[in-house]
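Tertiary structure, described
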Amino acid sequence: MFLVLLGAPGAGKGTQAAIISRKVGLAHIASGDLFRQAVEKETKLGQLVKAYMDKGILVPDEVTIQMISERLNEPDCKAGCVFDGFPRTMEQAKALDKALANQGKLIDKAVYIEVSEEELLKRLSGRWICHQCQTPYHEVSSPPKVPNRCDKCGGELYQRSDDTEETVKERLKVYFAQTTPVLNYYEAQGKLIKVDGKLGIEKVAKEIIDVLRLESMNAK
Ligand code: AP5
Ligand code: MG
Ligand code: ZN
C-alpha cells in the first residue's frame, strides 16, 4: 500500500505517519525530515536546501524528486510506504506516479488531515522535535514523559528554526498556493479521504485506520 498524507504545516502529518506506518507495517518517508537530517549533517544537499527551509518556501522540485526517488528505491519501501510532506506540487505528484508506475505500483489513497488555521498556529508554536529520531512532541497536547527528552530514544528535544511566527505565515501561504492543486489532483482520481484533524492524536489515528480498512473492504 502506498499512502500520501496531506495537510497544512502543523496538521499532524508527521505524528500520524509515524503511528500509521508502525501499525500497518509500512516505511515512513518524510521529505522535511530527510532535508533536516541533511542540513544537520551539512551534506551538499543540506547546504543547498537550508536557505529555502529557513525562508519557509519549497525546495526546487528537481532536488526534492531526486531525493525521494532514491529513498523509494530502498528495500524497506518494496511493500509500500506512507509519504509525509511529499508530494507538495503538481510536478512532484506526477513524478511520484511515474516512479511508482515504473515498478508496477500506484498511490492507493491520499489522506487529507483538515485542521483550522488557529489550531495550526497553536500546534506549531508549542512543538518540540527529537534531535535523533525527529518524533514531534507538543508542550500541551503531547508532552514527553521526561522534560526535554524523547520517550522513544532519549534524544534531546529542540524547536524547529522554521516554527517562528514569520516563517510559519510564509509556510501557510506557500501551502495554500502550491499544494491545493495536489489535493484536487487526488480528489479527481477518487483517492482523497478527508479526516477531521482537530481531534486528539489517537482519535485522528483511529479515524484514518478505520477509513482505510473500510475502503479496502469495499474494494474486495
Ligand atoms: P515539513 O517538515 O514537511 O513541514 P510542514 O509541511 O510545514 O509540516 P510540519 O512538519 O510543520 O507539520 P506536520 O503536519 O508534520 O505536523 P506534526 O505532526 O509535527 O517541511 C519543512 C520544509 O522543508 C518546507 O517548508 C520546505 O522548505 C521543505 N520541504 C519539505 N518537503 C518538501 C517538498 N515535498 N517539496 C519542497 N520542499 C519541501 O504536528 C505538529 C504539532 O502538533 C506537534 O507538536 C504535535 O505534537 C501536535 N499535534 C499533532 N497532531 C495533533 C492532534 N491531533 N492534536 C493535538 N496536537 C497535535
Ligand atoms: Mg512534519
Ligand atoms: Zn527520539
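Residues numbered from 1 in each chain as written. Chains lettered and ligands numbered in written order. Predicted model: local features only at pLDDT ≥ 70, side-chain atom pairs only at ≥ 80, totals over all residues. Heavy atoms only, no water.

**Details of the packing of helix H2 (residues 31-41) against helix H3 (residues 44-55)**
The interhelical angle for the contact between H2 and H3, taken along N-to-C directions, is 115°, at an axis separation of 8 Å. The hand of the H2/H3 crossing is left-handed. Only Leu45, Gly46, Val49, Lys50 and Met53 of H3 make contact with H2, whose side of the interface consists of Gly32, Phe35, Arg36, Ala38 and Val39. When the residues that make up the contact of H2 with H3 are grouped by side-chain class, the tally is six nonpolar, two polar and two charged. (Axes fitted to C-alpha atoms, helices over the stretch in contact; angles between N-to-C directions. Helix = DSSP H or I, 4+ residues; strand = E, 2+ residues; numbered from the N terminus. Left-handed = near helix turned anticlockwise from the far one by under 90°. Contact = heavy atoms within 4.5 Å. Nonpolar A, V, L, I, M, F, W, Y, C, P; charged D, E, K, R; others polar.)

**Describing the side chain of threonine 89**
Its place among the elements puts threonine 89 in the loop between strand S3 (81-84) and helix H5 (90-102). Overall, threonine 89 belongs to the buried group, its relative accessible area being 7%. Side chain to side chain, threonine 89 and aspartate 61 meet in a polar contact 2.9 Å long. Dropping the residues within four chain positions of it, threonine 89 is found in contact with Leu58, Asp61, Gln178 and Val182. (Buried < 20%, exposed > 50% of the residue type's maximum accessible area, 1.4 Å probe, protein only. Polar contact = N/O pair within 3.5 Å; in protein donor to acceptor, adjacent residues only side chain to side chain.)

**Here we look at the site of ligand 1**
Around ligand 1, 37 residues are found, and the nearest of them are Thr15, Ile57, Arg88, Arg127 and Arg171. Threonine 15 has a polar side-chain atom sitting 2.6 Å from an oxygen atom of ligand 1. Coverage of ligand 1 by the protein chains reaches 97% of its 1,000 Å² of free accessible surface. Looking at the shell around ligand 1, the elements with two or more residues in it are helix H1 (13-24), H2, helix H6 (117-125), strand S6 (136-138) and helix H9 (201-219). With four residues, the top contributor of residues to the shell around ligand 1 is H2. Among the residues forming the shell around ligand 1, the class breakdown is 15 nonpolar, 14 polar and eight charged. (Near = heavy atom within 4 Å. Areas by Shrake-Rupley, 256 points an atom, 1.4 Å probe, with all protein chains shown as cover.)

**Describing the pattern of salt bridges**
Scanning the model with the defined rule gives 13 salt bridges in all. For arginine 71, the salt bridge identified is with aspartate 76, shortest N-O distance 2.8 Å. With relative accessibility at 14%, the residue arginine 71 sits in the buried group. We note a salt bridge from aspartate 210 to lysine 206, for which the minimum N-O separation is 2.7 Å. Here lysine 206 and aspartate 210 lie together in helix H9, a separation of four residues that amounts to about one turn. (Salt bridge = Lys/Arg side-chain N within 4 Å of Asp/Glu carboxyl O.)

**Notes on the sheet that holds strand S1 (residues 2-6)**
Whenever strands of a sheet pair, they do so through backbone hydrogen bonds, lying parallel or antiparallel. Here five strands make up an open sheet; going across it, the order is S2-S3-S1-S4-S8 and the pairing parallel. Of all the strands in the sheet, the pair left with one neighbour each is strand S2 (27-30) and strand S8 (192-196). Sheet twist, expressed as the average angle between the axes of neighbouring strands with direction ignored, equals 20°. Bridging between strand S4 (residues 109-114) and S8 involves five bridges; their strand directions are parallel. (Pairing = 2+ DSSP bridges.)

**Brief notes about the pairing of S3**
Each regular strand carries side chains that alternate between the two faces of the sheet. The alternating pattern of S3 places Cys81 and Phe83 on one face and Val82 and Asp84 on the opposite face, and all of these are buried. Where S1 lies against S3, four bridges are found, and the strand directions are parallel. Each residue of the ladder has a partner; that of leucine 5, found in S3, is aspartate 84.

**Comments concerning the coordination of the zinc ion (ligand 3)**
Taken together, the protein ligands of the zinc ion (ligand 3) are Cys130 (SG), Cys133 (SG), Cys150 (SG) and Cys153 (SG), with distances of 2.2 to 2.4 Å. Considering all four donor atoms around the zinc ion (ligand 3), the spread of angles at the metal, 97 to 119°, places the coordination shape in the tetrahedral class. By relative accessible area, which is 0% here, cysteine 130 ends up buried. What makes cysteine 153 partly exposed here is its relative accessible area of 34%. (Donors = N, O, S within 2.8 Å, 3.2 Å for Na, K, Ca; no water. Tetrahedral: all angles 85-135°; square planar, octahedral: opposite > 155°, others 65-115°.)

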